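Coordinate analysis (summary)
One letter stands for each residue in the lines below.
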Amino acid sequence: MGNFHDEIPSFLISWIQKQEVFWVATSPLSADGHVNVSTKGLKGTFHIIDSKRVWYEDLTGSGVETISHLRENGRITVLFNAFEGPPRIARLFGRGFVHEFGTPEYNELLPPDLRKPGSRAVIIIDVEKVGTSCGYGVPFFEFKGHRDTYYNVASRFEQADLAAQQEDTIKSADIDSFPQKGLRHYFLSHNSSSIDGLVGLTVAHETPRACNIIVKEKSQIGRLSTSLAKRLGMDGSNDLSKILDLRFLAGTIMGLVLATLYSRMFTVLKC
Ligand SMILES: Cc1cc2nc3c(=O)[nH]c(=O)nc-3n(C[C@H](O)[C@H](O)[C@H](O)COP(=O)(O)O)c2cc1C
């Protein structure tokens, strides 16, 4: 299968940063356990620390397979596909670590102003091997935009938690104490164990903090408003690729200036 590398090669870094979606595959150790593949993404959730370490902000979903499998055995593979431009498939094989919402490790990477609505954990992955292959069979898809549905729904869940906190109705960390349409209740009712009964979220529901964002549901498929997109890091302003492009531009301009100065100096000396 294609080429293998011991770390993420530099040519892959800016390409990975441009991807709008990725997939994670994990599995329990049990021979009859359920192997899982999950779609992950939404703009600005995947981060590259260096060529051996990456992390992503894990948004709450109806299941908790990835977190449970990582707690049990740590094995994970992240897959990216090129749907635009030159064909490519890249896999990051590694060991993943879970840091739930509200833990010191989570707070360090995602302080309140950076956390996205519905965010439940940080998954840090130590990359052990990288595989790249041709991707000739992956079809072209034109990216039209992210749906705003996820953040709308998650914000409403968090708003329910916030209202209960403000009304001081939460008296304990028991499921019955949290509003039924809130995220903290959802953590306990849907995200506390995998389909094979492995442990999922354990402490996220204890965190008395919610994103105070309410997003209007404008359409099923649509782009977010400019200010909200910026707030959620979905406007592309944080792209490493953009920074690299700017550096390339600055280097080119600097080169042209130096070449002009040098040729002028040469002309003056010749006279
Ligand atoms: C673009 C995108 C769309 C998603 N749509 C759904 C969805 O419709 N329903 C859902 O339960 N999870 C959805 N998810 C969540 C994940 O695919 C995944 O099922 C969830 O995070 C649970 O992950 P886990 O089982 O690996 O822990 C979506 C995620 C992304 C990135």
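Remember, predicted model here, so these are calculated numbers, not experimental data. (Residues numbered from 1 in each chain as written. Predicted model: local features only at pLDDT ≥ 70, side-chain atom pairs only at ≥ 80, totals over all residues. Heavy atoms only, no water.)

As for the site of the ligand
For the ligand, the set of nearby residues contains 13 residues, the closest of which are S38, T39, K40, S62 and T66. In the environment of the ligand, an oxygen atom lies 2.8 Å from a nitrogen or oxygen atom belonging to the side chain of K40. At a separation of 2.9 Å, an oxygen atom of the ligand approaches a polar backbone atom of E65. Coverage of the ligand by the protein amounts to 64% of the 630 Å² it exposes when considered alone. Within the residue set of the shell around the ligand, elements represented by two or more residues are strand 3 (36-41) and helix 2 (65-73). In the shell around the ligand, the residues fall into 2 nonpolar, 8 polar and 3 charged. (Near = heavy atom within 4 Å. Polar contact = N/O pair within 3.5 Å; in protein donor to acceptor, adjacent residues only side chain to side chain. Areas by Shrake-Rupley, 256 points an atom, 1.4 Å probe, with all protein chains shown as cover. Helix = DSSP H or I, 4+ residues; strand = E, 2+ residues; numbered from the N terminus. Nonpolar A, V, L, I, M, F, W, Y, C, P; charged D, E, K, R; others polar.)

Observations regarding the packing of aromatic side chains
One pass over the structure, following the stated rule, counts 10 aromatic pairs. On the basis of an interplanar angle of 35 degrees and a centroid distance of 5.7 Å, the ring pair of F22 and F80 is categorised as tilted. Within this pair, whereas F22 is found in strand 2 (residues 21-26), its partner F80 is found in strand 6 (residues 75-81), the two being separated by 58 residues in sequence. Considered together, F22 and F80 belong to a single accessibility category, that of buried residues. For the pair F157 and Y186, a centre-to-centre distance of 5.7 Å together with 80 degrees between the ring planes defines the contact as edge-to-face. Taken together, the residues span a long stretch of sequence, with F157 in helix 4 (residues 149-166) and Y186 in helix 5 (residues 183-190) at a distance of 29 residues. Here F157 falls in the partly exposed class, since its relative accessible area comes to 22%. (Phe/Tyr/Trp six-rings, centres within 6.5 Å; stacked < 30°, edge-to-face > 60°. Buried < 20%, exposed > 50% of the residue type's maximum accessible area, 1.4 Å probe, protein only.)

Observations concerning the pairing of strand 8 (residues 119-133)
Among the 15 residues in strand 8, 12 count as buried, and that is most of the element. With 3 bridges connecting them, strand 1 (residues 3-5) and strand 8 associate as antiparallel partners. Across the sheet, residue N3 finds its bridge partner in strand 8, namely T132. Sheet analysis places strand 5 (residues 53-59) next to strand 8, joined by 7 bridges and oriented antiparallel. Along strand 8, the bridge assignment pairs E57 with V122. Inspection of the sheet shows strand 7 (residues 89-100) paired to strand 8 by 12 bridges, in the antiparallel sense. (Pairing = 2+ DSSP bridges.)

Notes on the side chain of T45
Within the secondary structure, T45 is located in the loop between strand 3 and strand 4 (46-50). For T45, a relative accessible area of 1% corresponds to the buried category. Among the polar contacts made by the side chain of T45, one reaches the main-chain carbonyl oxygen of L42 at a distance of 2.8 Å. Dropping the residues within four chain positions of it, T45 is found in contact with F22, W55, Y56, E57, L59, K116 and Y151. (Contact = heavy atoms within 4.5 Å.)

Examining the nonpolar core
Within the largest apolar cluster, 36 residues are counted, with the highest numbers of intra-cluster contacts made by I8, I16, F46 and L92. With 7 residues, the single largest contributor to this core is strand 8. Ignoring sequence-local partners within four residues, the contact set of I8 consists of I13, I16, I48, D50, S51, V54, L92, V127 and V130. (Core = buried A, V, L, I, M, F, W, Y, C linked by side-chain atoms within 4.5 Å.)

Some thoughts on the environment of E100
Mapped onto the secondary structure, E100 falls in strand 7. Not counting chain neighbours up to four residues away, the residues in contact with E100 comprise R71, Y106, R120, A121, G200, L201, T202, V203 and A204. Among the polar contacts listed, one links the side chain of E100 to the backbone nitrogen of T202, at a separation of 2.7 Å. Polar contacts involving the side chain of E100 include one to the main-chain amide nitrogen of V203, which spans 2.7 Å.

Section: the environment of S119
Tracing the chain through its elements places S119 in strand 8. Expressed as a C-alpha distance, the spacing of S119 and L59, which sit 60 residues apart in the sequence, is 4.2 Å. Leaving out residues up to four positions away in the same chain, S119 has contacts with E57, D58, L59, T60, F101, Y106, L110, E158 and F187.

Don't take any of this as a statement about function, it's just geometry.
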